[in-house]
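Survey of secondary and tertiary structure
These are the residues of each chain, in order.
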Amino acid sequence: YLSKSGGGTGFVGGALTQLLRSRGHEVTHVSRRPGPDRISWDELSRSGLRPCDAVVNLAGENVLNPLRRWDDAFRRVVIASRVETTKTLAKAIAEAERPPRAWVLVTGVGYYRPSPTAEYTEESPGGDFDFFSRLVSAWEAAAKIPGDGTRQVVVRSGVVLGKGGGAISQMLWPFRLGLGGPVGSGLQPFPWIHVRDVAGIVCHALETEGVRGVLNGVSPASSGTSNADFTRELGSALGRPALLPLPGWAVRGVFGAERAVMLLEGQRVAPKRTLESGYCFVYPDLPSALQDIVS
Ligand code: NDP
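Residues numbered from 1 in each chain as written. Predicted model: local features only at pLDDT ≥ 70, side-chain atom pairs only at ≥ 80, totals over all residues. Heavy atoms only, no water.

**Details of the overall build of the chain**
Check the secondary structure of the chain and you find eleven helices and eleven strands. Compactness check: the chain gives a C-alpha radius of gyration of 19 Å against a globular reference of 19 Å for 295 residues, within 12% of the reference. In terms of overall dimensions, the chain has a C-alpha envelope of 60 × 40 × 40 Å along the principal axes. The buried share of the chain, reckoned over its 295 residues, is 52%. Of the contacts formed within the chain by residues at least 6 apart in sequence, a portion of 80% connects residues at least 24 apart. Here the chain contributes 33 positively and 28 negatively charged side chains, and the mean placements of these two sets differ by 4 Å. (Helix = DSSP H or I, 4+ residues; strand = E, 2+ residues; numbered from the N terminus. Rg over C-alpha atoms; globule rule 2.2 N^0.38 Å. Buried < 20%, exposed > 50% of the residue type's maximum accessible area, 1.4 Å probe, protein only. Contact = heavy atoms within 4.5 Å. Lys, Arg positive; Asp, Glu negative; His and termini not counted. Charge placed at Lys NZ, Arg CZ, Asp CG, Glu CD.)

**A few points about the pattern of salt bridges**
Once their charged atoms are close, side chains differing in charge can pair, the charge on each being opposite to the other. Inspection of the entire model under this criterion finds 16 salt bridges. The partner of Asp72 in a salt bridge is Arg75, with the nearest N and O atoms 2.8 Å apart. One end of the pair, Asp72, and the other, Arg75, are both in helix H3 (residues 72–95), three residues apart, so they sit about a helical turn from each other. Here Arg156 and Glu140 are joined by a salt bridge, their closest N and O atoms 2.9 Å apart. With Arg156 in strand E7 (residues 151–157) and Glu140 in helix H4 (residues 131–143), this residue pair connects regions lying 16 residues apart in the sequence. (Salt bridge = Lys/Arg side-chain N within 4 Å of Asp/Glu carboxyl O.)

**Some words on the sheet that holds strand E1 (residues 2–6)**
Read across the open sheet, the seven strands follow the order E3-E2-E1-E4-E5-E7-E10; overall the sheet is parallel. In this open sheet, the two edge strands, each paired with only one partner strand, are strand E3 (38–40) and strand E10 (213–217). Put simply, the sheet's adjacent strands are angled 20 degrees from each other on average, direction ignored. Helix H1 (residues 11–22) contacts E1, strand E2 (26–31) and strand E4 (54–57) of the sheet and is inclined by roughly 155 degrees relative to E2. Docked against the sheet, H3 engages E1, E4 and strand E5 (102–108), running at close to 170 degrees with respect to E4. (Pairing = 2+ DSSP bridges. Axes fitted to C-alpha atoms, helices over the stretch in contact; angles between N-to-C directions.)

**Brief notes about the packing of helix H7 (residues 227–238) against helix H11 (residues 286–294)**
Running from N to C, H7 and H11 point in directions that differ by 45 degrees, and their axes come no closer than 10 Å. Taken together, H7 and H11 sit at an angle that is classed as oblique. Both H7 and H11 take part in a crossing whose hand is right-handed. Between H7 and H11, the residues in contact are Asp229, Phe230, Glu233, Leu234, Ala237 and Leu238 and Leu286, Pro287, Leu290, Gln291 and Val294, respectively. Residue classes in the contact of H7 with H11 are distributed as eight nonpolar, one polar and two charged. (Parallel < 35°, antiparallel > 145°, perpendicular 65-115°, else oblique. Left-handed = near helix turned anticlockwise from the far one by under 90°. Nonpolar A, V, L, I, M, F, W, Y, C, P; charged D, E, K, R; others polar.)

**Considerations on the site of the ligand**
Among the 22 residues in the neighbourhood of the ligand, the closest are listed as Thr9, Val12, Ser31, Arg32 and Arg33. For the ligand, an oxygen atom lies 2.6 Å from a polar atom in the side chain of Thr9. Between Val12 and the ligand, the recorded distance is 2.8 Å, taken from a backbone N or O atom to an oxygen atom. Taking 890 Å² as the accessible area of the ligand by itself, protein coverage stands at 82%. At the level of elements, H1, H3, E5 and strand E8 (159–161) are the ones that each hand at least two residues to the shell around the ligand. Of the residues forming the shell around the ligand, the biggest block, three residues, is contributed by H3. (Near = heavy atom within 4 Å. Polar contact = N/O pair within 3.5 Å; in protein donor to acceptor, adjacent residues only side chain to side chain. Areas by Shrake-Rupley, 256 points an atom, 1.4 Å probe, with all protein chains shown as cover.)

**Some details on the UniProt feature "domain: DUF1731" (unreviewed entry) in the chain**
In this structure's numbering, the residues bearing the UniProt feature "domain: DUF1731" (unreviewed entry) are residues 246–293. Spanning residues 246–293, this segment combines 60% helix with 4% strand, and its end C-alpha atoms are found 22 Å apart. (UniProt positions renumbered as here; feature names shortened; annotations may be inferred.)

**Here's the deal with the packing of H3 against H4**
The geometry of H3 relative to H4 is characterised by a closest axis approach of 7 Å and an angle of 20 degrees between their N-to-C directions. Taken as axis vectors, H3 and H4 run roughly parallel relative to one another. Of the two possible hands of crossing, H3 and H4 adopt the one that is right-handed. Packed against H3, whose contacting residues are Arg75, Val78, Ile79, Arg82, Val83, Thr86, Lys87 and Ala90, the element H4 presents Phe131, Leu135, Ala138, Trp139, Ala142 and Ala143 at the interface.

**Let's talk about the environment of Cys280**
For Cys280, the position within the fold is in the loop between helix H10 (272–276) and H11. The spatial distance from the C-alpha of Cys280 to the C-alpha of Ser3 is 22 Å, given a sequence separation of 277 residues.

This is how it looks when you write it as structure tokens:
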């Protein structure tokens, strides 16, 4: 079994590559940087897709890079790194002599409108109310290929928690020092998933005939988790107090108002189709996920 993955060198890509290889699959990354088992985006555009069984796209500039100002130039990079890479892979699949059996794109729950009360499933509306929701719409539209020779799957991921990457890597040190606390009011929903489970859902989607369409990539417990719940659990997993709130104005100051929404607001999301498709979560609840991460 051969698969190709754009963005495979990143945080989620590392976990997915490890999981796929442990299951006997061969993996090639599509990357901006040269290296073993890699091809470049140019090479892919020029020479097309060599025969493989599946394609995954995980490429995307890190939106929450605190060192990058949220201006038009950075917004364009954030969009292009997702939409253009997805278009390149979709075109290569559409033109392939022997198209892959499955094509999986990972996007985000930013598709759904942040709300303290509404609970969303894969069938819920969204995708047209702010920068991030429109980004997800454009990103998912770029993945569409005509015909049904290749199964198409979109995983809408929540905040990915795991060792050595993602949002939690920036949070861990203040929390270890006892300087952690809720973000803003702390009442906002906190849609989360362990990195092993995002990788697990992608792998399940690749290997399971019949899985197609949107799957929410959040843990089953996540729809009942607020930012304050997450903060309390992380503090307790580390054996540290986590009482120092990070005020909304400070978050808006660092990230800009538009980007700060990602931290100060959230969506309650249920992985309805993901569970119905037969996926079994490795880390369904927060204490087990956090225990793995802080250990
Ligand atoms: P990473 O930040 O680890 O980056 C993934 C890869 O994207 C990188 O390894 C890099 O590959 C490639 N990349 C980065 N910037 C660019 C760019 N400007 N142009 C082209 N390629 C670029 O991401 P994650 O693994 O955390 O996330 C994977 C995907 O899942 C992303 O699309 C992200 O938006 C999405 N997602 C992630 C969430 C999270 O909490 N982590 C939450 C929801 C969605 P290389 O250097 O080899 O070219």
